[in-house]
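Below are the chains, spelled out letter by letter.
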Amino acid sequence: EDKVVQSPLSLVVHEGDTVTLNCSYEVTNFRSLLWYKQEKKAPTFLFMLTSSGIEKKSGRLSSILDKKELFSILNITATQTGDSAVYLCAVASQGGSEKLVFGKGTKLTVNP
Amino acid sequence: NAGVMQNPRHLVRRRGQEARLRCSPMKGHSHVYWYRQLPEEGLKFMVYLQKENIIDESGMPKERFSAEFPKEGPSILRIQQVVRGDSAAYFCASSPTRSNQPQHFGDGTRLSIL
(Lines give C-alpha, C1' and ligand atoms only; values in the text may rest on other atoms or scores of the structure.)
Protein backbone atom coordinates (compact mmCIF):
# COMPACT_ATOMS: atom_id res chain seq x y z
CA GLU A 1 0.00 0.00 0.00
CA ASP A 2 1.29 3.46 -0.92
CA LYS A 3 2.48 5.49 2.05
CA VAL A 4 3.59 9.08 2.75
CA VAL A 5 5.26 10.16 5.99
CA GLN A 6 5.87 13.79 6.85
CA SER A 7 8.10 15.20 9.53
CA PRO A 8 8.03 16.99 11.81
CA LEU A 9 4.32 16.84 12.59
CA SER A 10 4.49 20.33 14.00
CA LEU A 11 6.99 23.14 14.11
CA VAL A 12 7.05 26.54 15.82
CA VAL A 13 9.47 29.20 14.61
CA HIS A 14 9.97 32.96 14.73
CA GLU A 15 9.50 35.29 11.82
CA GLY A 16 12.61 35.40 9.68
CA ASP A 17 13.65 31.82 10.40
CA THR A 18 14.23 29.28 7.63
CA VAL A 19 12.38 25.97 7.84
CA THR A 20 12.73 22.62 6.11
CA LEU A 21 9.79 20.25 5.93
CA ASN A 22 10.34 16.60 5.07
CA CYS A 23 8.32 14.08 3.12
CA SER A 24 9.27 10.44 2.55
CA TYR A 25 7.22 8.03 0.51
CA GLU A 26 6.74 4.45 -0.57
CA VAL A 27 4.73 4.10 -3.73
CA THR A 28 4.39 1.57 -6.50
CA ASN A 29 5.14 3.11 -9.90
CA PHE A 30 5.85 6.65 -8.74
CA ARG A 31 4.65 9.39 -11.05
CA SER A 32 4.75 12.68 -9.13
CA LEU A 33 4.95 14.29 -5.69
CA LEU A 34 2.91 17.35 -4.81
CA TRP A 35 3.03 19.91 -2.01
CA TYR A 36 -0.04 21.81 -0.80
CA LYS A 37 -0.57 24.53 1.80
CA GLN A 38 -3.74 24.27 3.88
CA GLU A 39 -4.95 27.10 6.04
CA LYS A 40 -8.54 27.04 7.24
CA LYS A 41 -10.03 25.96 3.96
CA ALA A 42 -8.94 24.50 0.64
CA PRO A 43 -5.48 22.96 0.22
CA THR A 44 -3.67 25.32 -2.15
CA PHE A 45 -1.33 23.81 -4.72
CA LEU A 46 2.34 24.76 -4.33
CA PHE A 47 4.55 22.43 -6.38
CA MET A 48 4.48 19.27 -8.43
CA LEU A 49 7.76 17.37 -8.75
CA THR A 50 8.44 14.56 -11.16
CA SER A 51 12.21 14.56 -11.70
CA SER A 52 15.04 14.11 -9.21
CA GLY A 53 17.38 16.96 -8.42
CA ILE A 54 15.48 19.74 -10.14
CA GLU A 55 14.55 22.48 -7.69
CA LYS A 56 11.21 24.18 -8.06
CA LYS A 57 11.02 27.69 -6.68
CA SER A 58 8.29 30.21 -6.00
CA GLY A 59 9.30 33.29 -4.05
CA ARG A 60 10.55 32.22 -0.64
CA LEU A 61 9.41 28.63 -1.14
CA SER A 62 11.40 25.92 -2.88
CA SER A 63 11.22 22.16 -3.16
CA ILE A 64 13.31 19.32 -4.45
CA LEU A 65 12.78 15.61 -5.01
CA ASP A 66 15.17 12.67 -4.53
CA LYS A 67 13.73 9.63 -6.30
CA LYS A 68 16.61 7.40 -5.27
CA GLU A 69 16.15 8.03 -1.54
CA LEU A 70 12.37 8.47 -1.91
CA PHE A 71 11.94 11.82 -0.25
CA SER A 72 11.27 15.48 -0.87
CA ILE A 73 11.88 18.64 1.12
CA LEU A 74 10.04 21.93 1.17
CA ASN A 75 12.08 24.95 2.22
CA ILE A 76 10.67 28.26 3.34
CA THR A 77 13.15 31.11 3.86
CA ALA A 78 12.56 34.32 5.81
CA THR A 79 9.30 32.98 7.22
CA GLN A 80 6.35 35.30 7.83
CA THR A 81 3.28 34.89 10.03
CA GLY A 82 1.27 34.34 6.86
CA ASP A 83 3.22 31.13 6.26
CA SER A 84 1.48 29.58 9.28
CA ALA A 85 -0.48 26.63 7.89
CA VAL A 86 -0.49 22.87 7.51
CA TYR A 87 1.75 21.75 4.66
CA LEU A 88 0.62 18.58 2.95
CA CYS A 89 2.69 16.24 0.84
CA ALA A 90 1.03 13.81 -1.58
CA VAL A 91 2.13 11.27 -4.17
CA ALA A 92 0.53 9.99 -7.35
CA SER A 93 1.34 6.70 -9.01
CA GLN A 94 1.28 5.70 -12.67
CA GLY A 95 -1.35 3.62 -14.33
CA GLY A 96 -5.08 3.84 -13.86
CA SER A 97 -6.33 6.02 -11.04
CA GLU A 98 -5.26 9.63 -10.64
CA LYS A 99 -5.77 9.50 -6.87
CA LEU A 100 -3.37 11.21 -4.47
CA VAL A 101 -2.05 9.60 -1.28
CA PHE A 102 -1.45 12.23 1.39
CA GLY A 103 0.73 12.42 4.45
CA LYS A 104 -0.69 13.75 7.72
CA GLY A 105 0.89 17.13 7.18
CA THR A 106 3.28 19.40 9.05
CA LYS A 107 1.65 22.15 11.08
CA LEU A 108 3.87 25.23 10.87
CA THR A 109 3.37 28.11 13.28
CA VAL A 110 5.34 31.30 12.67
CA ASN A 111 5.34 33.67 15.63
CA PRO A 112 6.03 37.39 15.27
CA ASN B 1 -11.87 32.28 -13.22
CA ALA B 2 -13.88 30.42 -10.60
CA GLY B 3 -12.19 27.69 -8.67
CA VAL B 4 -13.70 24.44 -7.47
CA MET B 5 -17.05 25.24 -5.87
CA GLN B 6 -18.46 23.12 -3.09
CA ASN B 7 -21.73 23.51 -1.28
CA PRO B 8 -22.90 23.64 1.31
CA ARG B 9 -19.93 24.83 3.35
CA HIS B 10 -21.43 23.38 6.50
CA LEU B 11 -24.04 20.65 6.81
CA VAL B 12 -25.64 19.36 9.98
CA ARG B 13 -27.58 16.12 9.95
CA ARG B 14 -29.11 13.86 12.57
CA ARG B 15 -28.19 10.20 12.69
CA GLY B 16 -30.13 8.24 10.07
CA GLN B 17 -30.65 11.17 7.71
CA GLU B 18 -29.12 11.58 4.26
CA ALA B 19 -26.33 14.01 3.36
CA ARG B 20 -25.77 15.35 -0.15
CA LEU B 21 -22.57 17.21 -0.94
CA ARG B 22 -22.10 19.05 -4.22
CA CYS B 23 -19.02 19.92 -6.22
CA SER B 24 -18.65 21.95 -9.41
CA PRO B 25 -15.17 21.54 -10.94
CA MET B 26 -13.05 24.35 -12.29
CA LYS B 27 -13.92 25.47 -15.81
CA GLY B 28 -12.31 23.15 -18.33
CA HIS B 29 -11.75 20.35 -15.81
CA SER B 30 -13.39 17.01 -16.47
CA HIS B 31 -11.93 14.94 -13.62
CA VAL B 32 -13.39 15.10 -10.11
CA TYR B 33 -12.06 13.55 -6.91
CA TRP B 34 -13.55 13.32 -3.43
CA TYR B 35 -11.41 13.16 -0.28
CA ARG B 36 -12.33 12.94 3.39
CA GLN B 37 -10.36 14.60 6.18
CA LEU B 38 -10.80 13.59 9.80
CA PRO B 39 -9.41 15.81 12.61
CA GLU B 40 -5.60 15.54 12.89
CA GLU B 41 -5.53 13.26 9.83
CA GLY B 42 -4.44 13.76 6.25
CA LEU B 43 -6.81 13.68 3.33
CA LYS B 44 -8.00 10.19 2.38
CA PHE B 45 -9.03 9.44 -1.19
CA MET B 46 -12.59 8.26 -1.66
CA VAL B 47 -13.56 8.28 -5.35
CA TYR B 48 -12.44 9.51 -8.76
CA LEU B 49 -14.98 10.32 -11.46
CA GLN B 50 -15.15 11.59 -14.99
CA LYS B 51 -18.37 12.69 -16.64
CA GLU B 52 -20.91 9.87 -16.23
CA ASN B 53 -18.22 7.40 -15.16
CA ILE B 54 -16.78 6.21 -11.87
CA ILE B 55 -13.11 5.47 -12.56
CA ASP B 56 -11.86 4.48 -9.10
CA GLU B 57 -14.01 4.05 -5.99
CA SER B 58 -11.47 2.06 -4.01
CA GLY B 59 -11.60 4.53 -1.10
CA MET B 60 -15.37 4.57 -0.73
CA PRO B 61 -17.01 2.64 2.10
CA LYS B 62 -18.96 -0.25 0.59
CA GLU B 63 -22.26 0.74 2.15
CA ARG B 64 -24.20 4.00 2.44
CA PHE B 65 -21.81 6.04 0.27
CA SER B 66 -22.27 6.77 -3.42
CA ALA B 67 -21.01 9.35 -5.90
CA GLU B 68 -21.99 10.55 -9.33
CA PHE B 69 -20.86 13.09 -11.90
CA PRO B 70 -23.71 13.48 -14.39
CA LYS B 71 -23.41 14.84 -17.90
CA GLU B 72 -25.01 18.09 -16.72
CA GLY B 73 -24.59 19.58 -13.28
CA PRO B 74 -22.27 19.12 -10.33
CA SER B 75 -20.76 15.99 -8.89
CA ILE B 76 -22.71 14.67 -5.89
CA LEU B 77 -21.39 12.69 -2.93
CA ARG B 78 -24.30 11.05 -1.16
CA ILE B 79 -24.20 9.51 2.31
CA GLN B 80 -27.28 7.61 3.38
CA GLN B 81 -28.29 6.87 6.98
CA VAL B 82 -25.47 8.96 8.40
CA VAL B 83 -23.71 7.95 11.61
CA ARG B 84 -21.54 9.96 14.02
CA GLY B 85 -18.39 8.57 12.42
CA ASP B 86 -19.27 10.29 9.15
CA SER B 87 -18.50 13.67 10.74
CA ALA B 88 -15.57 15.06 8.78
CA ALA B 89 -14.54 17.60 6.19
CA TYR B 90 -15.20 16.40 2.65
CA PHE B 91 -13.06 17.97 -0.04
CA CYS B 92 -13.58 17.89 -3.76
CA ALA B 93 -10.76 18.42 -6.25
CA SER B 94 -10.66 18.69 -10.02
CA SER B 95 -8.04 18.44 -12.74
CA PRO B 96 -7.92 18.90 -16.51
CA THR B 97 -8.39 16.13 -19.06
CA ARG B 98 -4.65 15.70 -19.65
CA SER B 99 -3.13 13.32 -17.12
CA ASN B 100 -0.47 14.16 -14.55
CA GLN B 101 -1.84 17.61 -13.85
CA PRO B 102 -2.17 18.95 -10.30
CA GLN B 103 -5.52 18.65 -8.60
CA HIS B 104 -7.10 21.86 -7.35
CA PHE B 105 -9.30 21.75 -4.27
CA GLY B 106 -12.51 23.36 -3.17
CA ASP B 107 -13.06 24.80 0.31
CA GLY B 108 -14.73 21.62 1.51
CA THR B 109 -18.01 20.74 3.21
CA ARG B 110 -17.87 20.27 6.98
CA LEU B 111 -20.39 17.59 7.87
CA SER B 112 -21.53 17.34 11.47
CA ILE B 113 -23.74 14.51 12.68
CA LEU B 114 -25.83 15.12 15.80
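Quick note: structure is the one above.
Residues numbered from 1 in each chain as written. Chains lettered and ligands numbered in written order. Predicted model: local features only at pLDDT ≥ 70, side-chain atom pairs only at ≥ 80, totals over all residues. Heavy atoms only, no water.

A complete count under the given rule lists 2 disulfides over all chains for this structure. Two residues, Cys23 of chain A and Cys89 of chain A, share a disulfide whose sulfurs are 1.9 Å apart. As the torsion about the S-S bond is roughly -70°, the Cys23 of chain A-Cys89 of chain A disulfide counts as left-handed. Of this pair, Cys23 of chain A sits in strand E3 (residues 19-26) while Cys89 of chain A sits in strand E9 (residues 85-93); the two residues are 66 residues apart in sequence, bridging distant segments of the chain. Take Cys23 of chain A and Cys89 of chain A: they sit in the same class, and that class is buried. Sulfur-sulfur distance for the disulfide between Cys23 of chain B and Cys92 of chain B comes to 1.8 Å. Looking down the S-S bond of the Cys23 of chain B and Cys92 of chain B bridge, the torsion is -55°, so its handedness is left-handed. You can see Cys23 of chain B sitting in strand E3 (residues 19-24) and its partner Cys92 of chain B sitting in strand E9 (residues 88-96), a full 69 residues away along the chain. With relative accessibility at 0%, the residue Cys23 of chain B sits in the buried group. Taking the relative accessible area as the measure of exposure, Cys92 of chain B reaches 0% and is therefore buried. (Disulfide = S-S within 2.5 Å. Helix = DSSP H or I, 4+ residues; strand = E, 2+ residues; numbered from the N terminus. Buried < 20%, exposed > 50% of the residue type's maximum accessible area, 1.4 Å probe, protein only.)

This paragraph deals with the sheet that holds strand E7 (residues 61-66) of chain A. All names here are of chain A. Taken in spatial order, the 5 strands of this open sheet run E1-E3-E8-E7-E6, and their pairing is antiparallel. Every other strand in the sheet has two partners, leaving strand E1 (3-7) and strand E6 (56-58) as the edge strands with one partner each. Averaged over all pairs of adjacent strands, the angle between strand axes in this sheet comes to 15°, irrespective of strand direction. Here E3 pairs with strand E8 (residues 71-76) via 6 bridges, running antiparallel. Bridge pairing in E8 places Cys23 opposite Ser72. (Pairing = 2+ DSSP bridges. Axes fitted to C-alpha atoms, helices over the stretch in contact; angles between N-to-C directions.)

This part covers the environment of Val4 of chain A. All names here are of chain A. In this fold, Val4 is placed in strand E1. Considering only alpha carbons, one finds Val4 and Leu70, 66 residues apart in sequence, at a separation of 10.0 Å. Leaving out residues up to four positions away in the same chain, Val4 has contacts with Cys23, Ser24, Tyr25, Cys89, Val91, Val101, Phe102 and Gly103. (Contact = heavy atoms within 4.5 Å.)

What follows covers the sheet that holds E3 of chain B. Note: strands within a sheet are paired through backbone hydrogen bonds, in either parallel or antiparallel orientation. Residues and elements named next belong to chain B. With antiparallel pairing, 4 strands are arranged side by side in an open sheet as E1-E3-E8-E7. Edge positions in the sheet fall to strand E1 (5-7) and strand E7 (65-68), since each of these pairs with one other strand and no more. Strand-to-strand, the axes of this sheet are offset by a mean angle of 15°, without reference to chain direction. Bridge count for E3 against strand E8 (residues 75-79) is 5 bridges, and the pairing is antiparallel. If you follow Leu21 over to E8, its bridge partner there is Leu77.

A word on the packing of aromatic side chains. Under the criterion given, the structure shown has 9 aromatic pairs over all chains. With a centroid separation of 4.9 Å and 20° between ring planes, the pair formed by Tyr25 of chain A and Phe30 of chain A is classed as stacked. For the pair Tyr25 of chain A and Phe30 of chain A, one class covers both residues: buried. The interplanar angle of 85° and the centroid separation of 5.6 Å between the aromatic rings of Phe102 of chain A and Tyr35 of chain B together place this pair among those described as edge-to-face. Separated into two different chains, Phe102 of chain A in strand E10 (residues 100-102) and Tyr35 of chain B in strand E4 (residues 29-37) make up a pair that spans both. Phe102 of chain A sits in the buried class, given a relative accessible area of 6%. (Phe/Tyr/Trp six-rings, centres within 6.5 Å; stacked < 30°, edge-to-face > 60°.)

The analysis is restricted to geometry; functional conclusions fall outside its scope.
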